[in-house]
Amino acid sequence: RFRATISPATYRRLRALGFDGVVITDSLSIVRKAPVERWARQAMRAGADLVLFTSAAHARRAIAALVPLASAGELDASVARVLRYRSRLSSARRP
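Residues numbered from 1 in each chain as written. Predicted model: local features only at pLDDT ≥ 70, side-chain atom pairs only at ≥ 80, totals over all residues. Heavy atoms only, no water.

**As for the overall build of the chain**
The criterion, for reference: Helix and strand assignments come from DSSP, with helices taken as H or I runs of at least 4 residues and strands as E runs of at least 2, each series counted from the N terminus. Residue burial is assigned from relative accessible area. The probe radius is 1.4 Å, only protein chains are included, and a residue is buried under 20% of its type maximum, exposed over 50%, and partly exposed in between. Between two residues, a contact is recorded if the distance between any of their heavy atoms is within 4.5 Å. Values of accessible area rely on a 1.4 Å probe in the Shrake-Rupley scheme; residue burial ignores everything except the protein chains shown. This count recognises Lys and Arg as positive and Asp and Glu as negative, with His and chain-terminal groups excluded. The atoms used to mark charge sites are NZ of Lys, CZ of Arg, CG of Asp and CD of Glu.
Within the chain, the regular secondary structure consists of four helices and two strands. Ordering the α and β elements of the chain from the N terminus gives α-β-α-β-α-α. Projected onto the principal axes, the alpha-carbon positions of the chain cover approximately 45 × 30 × 25 Å. The buried share of the chain, taken over its 95 residues, is 33%. Once local pairs closer than 6 in sequence are excluded, the contacts in the chain between residues at least 24 apart make up 64%. When the accessible surface of the chain is totalled, it reaches about 6,500 Å², and 57% of it is carbon and sulfur. Of the side-chain charges in the chain, 18 are positive and 6 negative, and the distance between the mean point of each set is 5 Å.

Rendered as structure tokens:
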């Protein structure tokens, strides 16, 4: 059994329903069964756009684990969605 956060089917369903926004996981700091590095990689590969941590130490470890994926281009779609969202936010704030 997979948790929804790391299940590709979860993200496929969201996208199939027409959701094109940024998908943020719940806190991966609460997962105790595997190292945060593994959970972060699995969540991003499954289709998450941002991974959430409530521990700064966990976030630093996850970032280190995700850099190789980013360097390999595996996170390009997520980065594009986040940048589109950021652009929409900044445009909406302009008078």
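That was the structure; now back to the text.
**Some thoughts on a nonpolar patch on the surface**
Stated formally: Nonpolar side chains (Val, Leu, Ile, Met, Phe, Trp, Tyr) are joined into patches within 5 Å and like charges within 9 Å, using only residues with over 30% relative accessible area and no salt bridge. Criterion for a salt bridge: a side-chain nitrogen of Lys or Arg within 4 Å of a carboxyl oxygen of Asp or Glu.
Taken together, Ile-24, Leu-50 and Leu-52 make up a surface patch of nonpolar side chains, about 250 Å² in accessible area. Relative accessible area serves as the criterion here: at 52%, Ile-24 is assigned to the exposed category.

**Concerning the side chain of Asp-49**
The cut-off we apply is this: Whenever a nitrogen or oxygen atom comes within 3.5 Å of another N or O atom, the pair is scored as a polar contact, on the condition that within protein one atom can donate a hydrogen and the other can accept it, and that pairs from neighbouring residues in sequence are kept only if both atoms are in side chains.
Structurally, the position occupied by Asp-49 is in the loop between α2 (36–46) and β2 (50–52). Of note is the side chain of Asp-49, whose polar atom sits 2.9 Å from the side chain of Ser-78. Side-chain polar atoms of Asp-49 contact the side chain of Arg-81, separated by 2.8 Å. In contact with Asp-49, not counting residues within four places along its chain, are Arg-15, Gly-21, Val-22, Val-23, Met-44, Ser-78, Arg-81 and Val-82.

**Considering the packing of α2 against helix α3 (residues 56–71)**
Keep this limit in mind: In this analysis, axes come from line fits to C-alpha atoms, helices being fitted only over the stretch in contact, and the angle between any two N-to-C directions falls in the range 0 to 180 degrees. Here roughly perpendicular refers to angles of 65 to 115 degrees, roughly parallel to angles under 35, roughly antiparallel to angles over 145, and oblique to all remaining angles. The handedness criterion is simple: a crossing whose near helix is rotated anticlockwise from the far helix by less than a right angle is left-handed, and one whose near helix is rotated clockwise is right-handed.
Following both chains from N to C, one finds α2 and α3 inclined at 50°, their axes separated by 8 Å at the closest point. It follows that α2 is oblique to α3 by the angle criterion. The two elements α2 and α3 meet at a crossing, and its hand is right-handed. Packed against α2, whose contacting residues are Val-36, Glu-37, Ala-40, Arg-41, Met-44 and Arg-45, the element α3 presents His-58, Arg-61, Ala-62, Ala-65, Leu-66 and Leu-69 at the interface.

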